[in-house]
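Tertiary structure, described
Chain by chain, the residues:
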Amino acid sequence: MGTCWSCTPFCDKCKPKFYTCPACGGQGNLFFKKCTVCGRPMTPEDVESAQAAWRAKRAARQS
């Protein structure tokens, strides 16, 4: 995992925490369940997309 002491809402090293809102392009946190910029509710597709992007980013970091 890494050398983390505790989980923070601003780091996505160990699990996905962020997504890009398809409506406004703002970056939201998966914790809030809606975009903090435009207020659009998060859909399951948004979560899946965020998880896929996180897995790709993590694979690139590990290689």
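Residues numbered from 1 in each chain as written. Predicted model: local features only at pLDDT ≥ 70, side-chain atom pairs only at ≥ 80, totals over all residues. Heavy atoms only, no water.

Our next topic: the overall build of the chain. Within the chain one finds one helix and two strands. The order of helices and strands in the chain, counted from the N terminus, is β-β-α. Dimensions of the chain, computed from C-alpha atoms along their principal axes, come out at roughly 35 × 25 × 15 Å. By the burial criterion, 21% of the 63 residues in the chain qualify as buried. Considering only contacts within the chain whose residues lie at least 6 apart along the sequence, 22% involve residues at least 24 apart. Carbon and sulfur atoms provide 59% of the accessible area of the chain, an area that totals close to 4,700 Å². Each charge class in the chain was averaged separately, 10 positive and 4 negative side chains, and the resulting centres sit 10 Å apart. (Helix = DSSP H or I, 4+ residues; strand = E, 2+ residues; numbered from the N terminus. Buried < 20%, exposed > 50% of the residue type's maximum accessible area, 1.4 Å probe, protein only. Contact = heavy atoms within 4.5 Å. Areas by Shrake-Rupley, 256 points an atom, 1.4 Å probe, with all protein chains shown as cover. Lys, Arg positive; Asp, Glu negative; His and termini not counted. Charge placed at Lys NZ, Arg CZ, Asp CG, Glu CD.)

In the predicted model, the chain carries a mean pLDDT of 85, and 94% of its residues have values of at least 70. Within the chain, no element has a lower average pLDDT than strand β2 (residues 27-29), which sits at 87, and none a higher one than helix α1 (residues 44-62), at 90. (pLDDT = per-residue confidence, 0-100.)

In this structure, Lys 33 takes a positive phi of about 65 degrees despite not being glycine. Inspection of the secondary structure puts Lys 33 in the loop between β2 and α1.

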